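These are the residues of each chain, in order.
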Amino acid sequence: NIEVMDLSTESLQRRQEHEQLLLNLEAKKRAFAMDVPTLPNDVKHALRELGQPVRLFGENLANVRDRLRMVLAKIEVMKEGGVFVDSAFVGDIGAVVPPPPPPPPLPVEEEGEEEVT
């Protein structure tokens, strides 16, 4: 018999943070080689298609283009990792919204025991 124990909430949170850091690192590596539109209207259109804000406070055109590049790189990395990617799944500024945790396992009733009501 192998007993499988669930991770604590804190451990799950740390694990998700670690996965997010790895995703960001891989996305940064790929973003340098990724081609994105250079015309401002094309950049805006691409961001709208991804459900991202067109411009954040204090951003110039180069910052907007770099943000688009990072969002596209993260989506590419997530697709390769087998993660379903939808514009609703990509959160604010391309941060990945983790999927909900799996439901807890159902208790197993042992044979011979009956519930008395």
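Source: prediction; values computed, not measured.

About the thresholds
Residues numbered from 1 in each chain as written. Predicted model: local features only at pLDDT ≥ 70, side-chain atom pairs only at ≥ 80, totals over all residues. Heavy atoms only, no water. Helix = DSSP H or I, 4+ residues; strand = E, 2+ residues; numbered from the N terminus. Buried < 20%, exposed > 50% of the residue type's maximum accessible area, 1.4 Å probe, protein only. Contact = heavy atoms within 4.5 Å. Areas by Shrake-Rupley, 256 points an atom, 1.4 Å probe, with all protein chains shown as cover. Axes fitted to C-alpha atoms, helices over the stretch in contact; angles between N-to-C directions. Parallel < 35°, antiparallel > 145°, perpendicular 65-115°, else oblique. Left-handed = near helix turned anticlockwise from the far one by under 90°. Nonpolar A, V, L, I, M, F, W, Y, C, P; charged D, E, K, R; others polar.

Let's shift gears to the overall build of the protein. Of regular secondary structure, the protein possesses three helices and zero strands. Shown N-terminal to C-terminal, the secondary structure of the protein runs as helices and strands in the order α-α-α. Expressed as a percentage of the 117 residues in the protein, the buried residues total 24%. Within the protein, residue pairs in contact and separated by at least 24 positions form 53% of the contacts whose partners lie at least 6 positions apart. Per element, the accessible surface of the protein, about 9,500 Å² overall, is 56% carbon and sulfur.

For the rest of this paragraph, the subject is the packing of helix 2 (residues 40-49) against helix 3 (residues 61-80). Helix 3 packs onto helix 2 with a crossing angle of 40° between their chain directions and a minimal axis gap of 10 Å. On the basis of their axis angle, the class for helix 2 and helix 3 is oblique. Here helix 2 and helix 3 pass one another in a crossing that is left-handed. Residue-level inspection shows Pro40, Val43, Ala46 and Leu47 of helix 2 in contact with helix 3, the latter providing Leu61, Val64, Arg65, Arg67 and Leu68. The class makeup of the residues in the contact of helix 2 with helix 3 is seven nonpolar, no polar and two charged.

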